[in-house]
Amino acid sequence: DGSQLGLLYQPAYAAQSRRMPGVEALVRWRLPKLGLMMPVTFIPVAEETGLIEPLGEWVLAEACAAARRWPIDTVAVNISAIQLRNPGFVERVINIVAASGLAPSRLELEITETSFLDNIDQCAASFAALRAHGIRIALDDFGTGYSSLSYLKLFELDRIKIDRGFVKDIESDPNDAAIVSATIGLAHALGLEVIIDQVFSHTSHE
């Protein structure tokens, strides 16, 4: 019934200004006896059972309502491939955002590359419709899929998120540093913003 679900919000910091322009909404399931359950455990089950769409819409509504009250620029929400394939997805998103009172330009939908594999044309059309309404689109886990560069050409995007696998050893591995540097340069050349998914150690403050 959703009573045990809750959202946590991961902050996103701007590298130059050090301000916090946005957050990412992360769903968690807190069970009375088992404690906190992570999405990697229950999201696949939700997708298999068809519950991912009502769950995803609940997360979106909760995140939009929270962001409307906060002094931040954007809130990012992860979208399942199953949601994206639904022909009514765009209309549902627009209705949820309107009901929350959040300005559409303050919402960013994060999509993984695997979401595109089954229906590229429909995805492109959905992205175009969402962006026409002012909603931002981000490509999550960039660099871990099959055709990252071609997606940058095919789809209208606002931001890419570099996967933490390329970032966690950036201070010690020159290959990771080169990949991240090249990716940032490519994104900026295409007019895209970049976010790096990383939990830093106590020795790093950048």
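These numbers come from a predicted model, not from an experiment.

Asker: Sorry, what's going on with the nonpolar core here?
Answerer: Side chains of nonpolar character tend, in soluble globular proteins, to be buried together. Ranked by size, the top nonpolar core spans 43 residues in total, and within it L60, V77, F89, V93, L107, L109 and L130 carry the most contacts. A per-element tally of this core places helix 2 (residues 52-69) first, with 7 residues. In this view, L109 contacts L60, V77, I79, F89, V93, L130, I135, R136, I137 and A138; residues no more than four positions away in its chain are not counted.

Asker: Looking at this structure, I do not really get the packing of helix 2 against helix 4 (residues 89-100). What am I missing?
Answerer: Pairs of packed helices are described in terms of their axes, by the angle between the two and the distance that separates them. Between helix 2 and helix 4, the least distance of the axes is 9 Å, while the angle of their chain directions is 35 degrees. As for the relative orientation of helix 2 and helix 4, their crossing is right-handed in sense. Of the residues in helix 4, those touching helix 2 at E53, E57, L60, A61, C64, A65 and R68 are R92, V93, I96, V97 and S100. Of the residues assigned to the contact of helix 2 with helix 4, the class counts are 7 nonpolar, 1 polar and 4 charged.

Asker: Before we go on, may I ask you to explain the packing of aromatic side chains in this structure?
Answerer: Each pair of aromatic rings is reported with the distance of its centres and the angle of its planes. Scanning the model with the defined rule gives 3 aromatic pairs in all. With centroids separated by 4.8 Å and ring planes inclined at 85 degrees, the aromatic side chains of Y9 and W70 adopt a geometry described as edge-to-face. Linking Y9 in strand 1 (residues 5-12) with W70 in the loop between helix 2 and strand 4 (74-78), this pair joins segments that are 61 residues apart in sequence. Take Y9: its relative accessible area is 26%, and that puts it in the partly exposed class. On the numbers, 5.4 Å between centres and 75 degrees between planes, the contact of F127 with F155 is edge-to-face. Pair noted here: F127 is in helix 5 (residues 120-132) and F155 is in the loop between helix 6 (148-154) and strand 7 (159-162), with a separation of 28 residues, a long-range link.

Asker: Whenever I open this one, the side chain of S80 confuses me. Can you help?
Answerer: Positionally, S80 belongs in the loop between strand 4 and helix 3 (81-85). Take S80: its relative accessible area is 10%, and that puts it in the buried class. Reaching out from S80, the side chain makes a polar contact with the side chain of E47 at a distance of 3.0 Å. Looking at S80, its side chain comes within polar contact range of the main-chain nitrogen of I82, at 3.1 Å. Residues within four places of S80 in sequence aside, it is in contact with E47 and I52.

Asker: Help me understand the environment of A65 in this model?
Answerer: Locating A65 in the fold gives a position in helix 2. Using a relative accessible area of 31% as the deciding quantity, one classes A65 as partly exposed. Sequence separation of A65 and A132 is 67 residues, and the distance between their C-alpha atoms is 22 Å.

Asker: Can you walk me through the pattern of salt bridges in this structure?
Answerer: Pairs may arise between side chains of opposite charge once their charged atoms sit close together. In this structure the tally under the stated criterion is 13 salt bridges. Close ionic contact of R131 with E156 constitutes a salt bridge, the shortest N to O distance being 3.0 Å. Within this pair, whereas R131 is found in helix 5, its partner E156 is found in the loop between helix 6 and strand 7, the two being separated by 25 residues in sequence. A salt bridge links R159 to E193; the shortest N-O distance between them is 2.9 Å. With R159 in strand 7 and E193 in strand 8 (residues 193-196), this residue pair connects regions lying 34 residues apart in the sequence. For R159, a relative accessible area of 14% puts it in the buried group. Note on E193: relative accessible area 37%, which makes it partly exposed. Because the salt bridges share partners, they merge into one network encompassing E24, E110, D140 and K161.

Conventions used here
Residues numbered from 1 in each chain as written. Predicted model: local features only at pLDDT ≥ 70, side-chain atom pairs only at ≥ 80, totals over all residues. Heavy atoms only, no water. Core = buried A, V, L, I, M, F, W, Y, C linked by side-chain atoms within 4.5 Å. Buried < 20%, exposed > 50% of the residue type's maximum accessible area, 1.4 Å probe, protein only. Helix = DSSP H or I, 4+ residues; strand = E, 2+ residues; numbered from the N terminus. Contact = heavy atoms within 4.5 Å. Axes fitted to C-alpha atoms, helices over the stretch in contact; angles between N-to-C directions. Left-handed = near helix turned anticlockwise from the far one by under 90°. Nonpolar A, V, L, I, M, F, W, Y, C, P; charged D, E, K, R; others polar. Phe/Tyr/Trp six-rings, centres within 6.5 Å; stacked < 30°, edge-to-face > 60°. Polar contact = N/O pair within 3.5 Å; in protein donor to acceptor, adjacent residues only side chain to side chain. Salt bridge = Lys/Arg side-chain N within 4 Å of Asp/Glu carboxyl O.

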